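# Summary of structural features
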Amino acid sequence: MSSVAGSGLLSALRRAGRAAWVCLAVFLLVSILLVTVFRDVPPPATPLMLLRLADGYGIDQSWRGLVRISPFLLKAVIAGEDQKFCLHRGFDGEAIEGAWEDYQSGDKLRGASTISMQTAKNVFLWPGRDWLRKGLEAYFTALIELAWGKQRIIEVYLNVVEWGPGIYGAEAAAEHFFKKSAAELSPHEAVRLAAVLPDPLDRSAARPGPEVTARSRFMIEQIPALPVWQPLPCGQKL
């Protein structure tokens, strides 16, 4: 290789390196800005909402603060999705270790997502199980745990999570399934709503099938022993 060609290649690599650093810096700045803004401002939409919209679903969502959401629903969601929510900093080490061991044994990569991780994914990222998205999910999870705290995380989660085709958040779900506000949900209605979350496109809280019924029973059994404190969900601990 001539010295001229070598010099040109080195110059191109330097330009590529500078561009990569600029892209990284922009990503970090934008991500931190978004996390800071959404600490106080409701996210206007999520990537999943926009993808579902492109598929022909609408967007039915009404934002409600925690004080306007039934505490029964908050407890039911924690019982069904992340019973250690108040005990970790965004990641459940035991669940992640178990999922990794299963993957190494030849099973499909399964989720070990906490509510914090699900919130990070729902607000900032696209659906999927690829490693890039998982890495970004961990990054945003750490950011929101640091910047938001547990009350804001569960509040955002309950307002953006998908509860049915085009239905997002506790208020829209309560209105759709039970014709009442999220604040008025009974314990029985709350666990049925929470039981829908693993498969919101195929399950119904209004017409519960065997999966919803079994999961509801499980959550009812788990709720009394949940590690939650007043003010919900985690008191002043986190």
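Look above for the structure.
Residues numbered from 1 in each chain as written. Predicted model: local features only at pLDDT ≥ 70, side-chain atom pairs only at ≥ 80, totals over all residues. Heavy atoms only, no water.

### Considering the layout of surface pockets
Applicable threshold: A pocket, in this scheme, is an open set of points on a 1 Å grid over the protein atoms alone with protein on both sides within 12 Å along at least 5 of 7 lines, while a cavity is a set where a 1.4 Å probe fits but cannot get out; residues line either one if an atom lies within 4 Å of a point. Grid points are joined across faces, edges and corners, and a volume is the space filled by probe spheres set on the points. Helix and strand labels come from DSSP, where a helix needs a run of H or I of at least four residues and a strand needs a run of E of at least two; each type is numbered from the N terminus.
Counted as a void, the largest pocket has a volume near 860 Å³. Lining the largest pocket are 35 residues; nearest its centre among them are E81, S113, Q118, K121 and R129. Within the residue set of the lining of the largest pocket, elements represented by two or more residues are α2 (47-54), α3 (71-81), α5 (115-124), α6 (131-147) and α10 (210-222). The element contributing the most residues to the lining of the largest pocket is α5, with 4 residues.

### Details of the packing of aromatic side chains
We apply this condition: Ring pairs are drawn from Phe, Tyr and Trp, using the six-membered ring of Trp, whenever the two centres fall within 6.5 Å, and their geometry is named by plane angle: stacked under 30 degrees, edge-to-face over 60, tilted for the rest. Burial classes follow relative accessibility: with a 1.4 Å probe on protein chains only, a residue under 20% of its type's maximum area counts as buried, one over 50% as exposed, and anything between as partly exposed. Note on criteria: charge over ring means Lys NZ or Arg CZ within 6 Å of the ring centre, with the direction from the centre no more than 35 degrees off the ring normal.
Taken as a whole and judged by the stated rule, the model has 6 aromatic pairs. Measuring from ring centre to ring centre gives 5.5 Å for F27 and Y139, while their planes differ by 40°; the resulting arrangement is tilted. Of this pair, F27 sits in helix α1 (residues 3-38) while Y139 sits in helix α6, placing them 112 residues apart in sequence. For F27, a relative accessible area of 33% puts it in the partly exposed group. You can call Y139 partly exposed: its relative accessible area is 24%. Measuring from centroid to centroid gives 6.2 Å for F27 and F140, while their planes differ by 85°, and the two rings are edge-to-face. With a gap of 113 residues between them, F27 in helix α1 and F140 in helix α6 connect regions that are remote in the sequence. A relative accessible area of 5% means that F140 is categorised as buried. Grouped by ring-pair contacts, the aromatic residues F27, F38, F124, Y139, F140 and W148 constitute a single cluster. Cation over ring: K150 sits above F85, and NZ or CZ is 4.5 Å from the ring centre.

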